[in-house]
Amino acid sequence: MVTRLGRIEGLFGRRLDELDYRAIAELVGSSDAAEGEDLDYKQAHYRPDDRGREELAKDIAAFANHMGGLLIIGMAENNGVPSKVLDVDLDDARLRHIRQVIVSNTAPPVPYEPIAVHNPAAPGTGFLLLVVPRSPAGPHAVTAPASRPSKDTLRYPRRGGSRTEWLTETDVATAYRARFAAAAEREQRPRRH
């Protein structure tokens, strides 16, 4: 089941799991499809080094810690507006790498759904959509790579407009209280038989 993102589904006029290559490619030049709180573009796959892993984890956790969102890999942007289609490889190794990075570099691991949208004219390439729901398990931290000093091991990103903000200690404490209060409330609800 694909996460529902109302504004983005409205942009396409259909559910995210029903998107085809053409619908995404037609975003080029549309200011209505500009990056925002729930939408981000990357022209290529994240680099396979520490910096790339940290960037991927940050982008995914920022959506989960805010309102959820869609990351489209394979689309360039200019001032936030999609500007050019740049198909990426959609092989299983890429998907496994992304899964491994998210599981290993977010705490708790962020739930997300990958959707490969193939280019019918170039098999094995196209857009990779990473759909991230707002997470009830937040706040999600990004774990720093081993090459970083230990004082920066956990950082908590959140989407703010089309950028990433970092949660303060007070924001993190508030988010944890909200998580535990919601869990307690769910537990207190009468069980239906």
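The structure displayed is predicted, hence computed values, not measured ones.

## A short note on the confidence of the model for the protein
Then, number 1: Overall, the prediction assigns the protein a mean pLDDT of 91, with 94% of residues at 70 or greater.
Then, number 2: For the protein, helix H5 (residues 169–188) is the element with the lowest average pLDDT, namely 87, and strand E4 (residues 81–85) is the one with the highest, namely 98.

## Digging into the environment of Ala175
Then, number 1: Mapping Ala175 onto the fold places it in helix H5.
Then, number 2: Along the backbone, Ala175 and Ala137 are 38 residues apart, and their C-alpha atoms lie at a distance of 9.4 Å.

## Let's talk about the packing of aromatic side chains
Then, number 1: Applying the stated criterion across every chain, the model contains three aromatic pairs.
Then, number 2: Relative to Tyr176, the ring of Tyr156 has its centre 6.5 Å away and its plane inclined at 80°; by these criteria the two rings are edge-to-face. Of this pair, Tyr156 sits in the loop between strand E10 (154–155) and strand E11 (157–160) while Tyr176 sits in helix H5, and the two are 20 residues apart along the sequence.
Then, number 3: Judged by its relative accessible area of 25%, Tyr176 falls in the partly exposed class.
Then, number 4: Seen in terms of ring centroids, Tyr176 and Phe180 are 6.1 Å apart; in terms of plane orientation they differ by 20°. Their pairing is stacked. A residue pair is termed a helical-turn pair when its members lie 3 or 4 positions apart in one helix, as Tyr176 and Phe180 do in helix H5 at four residues.
Then, number 5: Grouped by ring-pair contacts, the aromatic residues Tyr156, Tyr176 and Phe180 constitute a single cluster.

Calculation notes
Starting from 1, residues in each chain are numbered consecutively following that chain's sequence as written. Side-chain atom pairs in this predicted model are given and counted only at pLDDT of 80 or more, local residue features only at pLDDT of at least 70, and totals for whole chains, interfaces and linings cover all residues. As a rule here, side-chain values cover all heavy atoms of the structure and leave hydrogens and water aside. The predictor attaches a confidence to each residue, called pLDDT, with possible values from 0 through 100. Secondary structure counts use DSSP, requiring at least four H or I residues in a row for a helix and at least two E residues in a row for a strand, with both numbered from the N terminus. Two rings from Phe, Tyr or Trp (for Trp, the six-membered ring) form a pair when their centres are within 6.5 Å of each other. A pair whose planes differ by under 30 degrees is stacked, one over 60 is edge-to-face, and the rest are tilted. Remark: exposure states derive from per-residue accessible area (1.4 Å probe, protein chains only) relative to the maximum for the residue type, with buried under 20%, exposed over 50%, and partly exposed in between.

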